[in-house]
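# Chain and residue survey
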Amino acid sequence: MIKTKICDLLGVKYPIIQGGMAWVADASLASAVSEAGGLGIIAAMNAGPDWLRNEIREAKKRTDKPFGVNIMLMSPFAADVTQVVIDEGIKIVTTGAGNPAKYMKDWIAAGIKVIPVVPSVALAKMVERSGAHAVIAEGGESGGHVGELTTMALIPQVADAVKIPVIAAGGIGDGRGIAAALMLGAEGVQVGTRFLVAHECTIHQNYKQRVLKAIDIDTVVTGRRLGHPVRSLKNEFVREFAELEAKESVTNEELERFGTGALRKAARDGDITRGCVMAGQIAGLIKREQSAEEIITEMFTQAEEFLKNAGRWLL
Amino acid sequence: MVFEKVRDMLAEYKSVDASTIKPETTLEELKLDSLDTVQIVMDLEAEFNITLETDAQIKTVGEIVALIESKL
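Residues numbered from 1 in each chain as written. Chains lettered and ligands numbered in written order. Predicted model: local features only at pLDDT ≥ 70, side-chain atom pairs only at ≥ 80, totals over all residues. Heavy atoms only, no water.

This part is about the overall build of chain A. Scanning chain A for helices and strands turns up 13 helices and 11 strands. Along the first, second and third principal axes, the C-alpha atoms of chain A reach 55 × 50 × 40 Å. By the burial criterion, 56% of the 315 residues in chain A qualify as buried. Restricting to contacts in chain A with at least 6 residues of sequence separation, those with at least 24 account for 61%. Element-wise, carbon and sulfur atoms account for 52% of the exposed surface of chain A, whose accessible area totals about 13,400 Å². Separation of charge centres in chain A, based on 36 positive and 37 negative side chains, amounts to 2 Å. (Helix = DSSP H or I, 4+ residues; strand = E, 2+ residues; numbered from the N terminus. Buried < 20%, exposed > 50% of the residue type's maximum accessible area, 1.4 Å probe, protein only. Contact = heavy atoms within 4.5 Å. Areas by Shrake-Rupley, 256 points an atom, 1.4 Å probe, with all protein chains shown as cover. Lys, Arg positive; Asp, Glu negative; His and termini not counted. Charge placed at Lys NZ, Arg CZ, Asp CG, Glu CD.)

As structure tokens, this is what we get:
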């Protein structure tokens, strides 16, 4: 068994957090991951407080185990959903797309454990000072909104810079990734892309099939010009977006408008040609649909084997 | 005093000539993204031995200087 500080901090069997993926991470996936011994996450994304409240209540019906909520800090409803997580008694919050400092005091006062996603050492140190209980250091291999550093380079630097536990994210899709993350100084992992093909993940089947078919070189990052780059699988939409991005005559507002709703179109409507199929670089490794429980137990069984056999490299 | 120090730190961070940075220069003009801003806030805190409000809405170099001066 692999046991780290993250297990006690979150009250979970396995030190694994499911990524807070917009239009993906709903009550169904979150409760399945929590039931399987990981920490399920409902993504508040750009949704309003009513949607989040309903998902939280639905997840509570499906599991007695702890689950968390991811707050996307750029959301127009960030302040509203912040209050919802407090009112609904959520115990763990992860945050993305910014500096959560202004909300952290309220969450901590409400007894919520706060785990921000950070792409740099400076932000990790800053959120630690604001009272974060752990950080998710996410490398740019991940899908969706990405930072510039790779997981390999980011994790050891963050681990050296903060005293709170570090959770590694970006490019982790099997037990080897978990073992490597632990070696880099992390005490847990966050996994997104592999959970896209979980049976309990409610995204459109077309999206799942596209992820299963993906190869290693299939992802691309667009949107750097807008200040929030996104990694997704290459398709017609992404090609057009990249062309518009390269054109100086296209304004940032026009570019934003072109991208609006594209993830929903792929994840919910199944339009994987004209929608944005966000996925990490590890998508090429993912070859079959499984239940969340199968995914988690398989990953940790494999990680244990690798760690046990790691001594063979030593003379 | 504070302005000169902030100006020099920003100039070094962005590898630009310090004389191009004025109090009214915006962070956007310096092409500082949100991560750069976090990094610079941490550096300034260490330099001046202060703690800055991390959610303050700062747009110009002059506003950074005013914020630091209010803490000294």
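How big an interface is tends to be reported as the loss of accessible area on association of its parts. The interface of chain B with chain A comprises 10 residues on the first partner and 10 residues on the second. Carbon and sulfur atoms supply 71% of the area buried between chain B and chain A, which totals about 850 Å² over both sides. Summed over the shared surface of chain B and chain A, the number is 1 salt bridge. Residues of the side of chain B that touches chain A, tallied by class, amount to 5 nonpolar, 3 polar and 2 charged. (Buried area = accessible area lost by both parts, 1.4 Å probe. Salt bridge = Lys/Arg side-chain N within 4 Å of Asp/Glu carboxyl O. Nonpolar A, V, L, I, M, F, W, Y, C, P; charged D, E, K, R; others polar.)

Next up on the list: the sheet that holds strand 7 (residues 144-145) of chain A. Residues and elements named next belong to chain A. The 3 strands are arranged 7-11-10 in an open sheet whose pairing can be described as antiparallel. Pairing within the sheet leaves two strands with one partner each, and these edge strands are strand 7 and strand 10 (219-222). Alignment of strand 7 against strand 11 (residues 230-233), held across 2 bridges, turns out to be antiparallel. Each residue of the ladder has a partner; that of H145, found in strand 11, is V230. Along the sheet, helix 10 (residues 236-246) makes contact with strand 10 and strand 11, crossing strand 10 at roughly 35°. (Pairing = 2+ DSSP bridges. Axes fitted to C-alpha atoms, helices over the stretch in contact; angles between N-to-C directions.)

Looking now at the sheet that holds strand 1 (residues 16-18) of chain A. All names here are of chain A. Across the sheet, which stays open at both edges, the 8 strands sit in the order 1-9-8-6-5-4-3-2 with parallel pairing between neighbours. Either end of the sheet is taken by a strand with one partner, and the two such strands are strand 1 and strand 2 (40-43). Each strand axis lies, on average, 25° off the axis of its neighbour in the sheet, ignoring direction. Here 4 bridges tie strand 6 (residues 135-138) to strand 8 (residues 166-169), and the two strands are oriented parallel to one another. Along strand 8, the bridge assignment pairs V135 with V166. Its contacts with the sheet put helix 5 (residues 101-109) on strand 3 (67-72), strand 4 (92-96) and strand 5 (113-118), and the angle it makes with strand 5 is roughly 150°.

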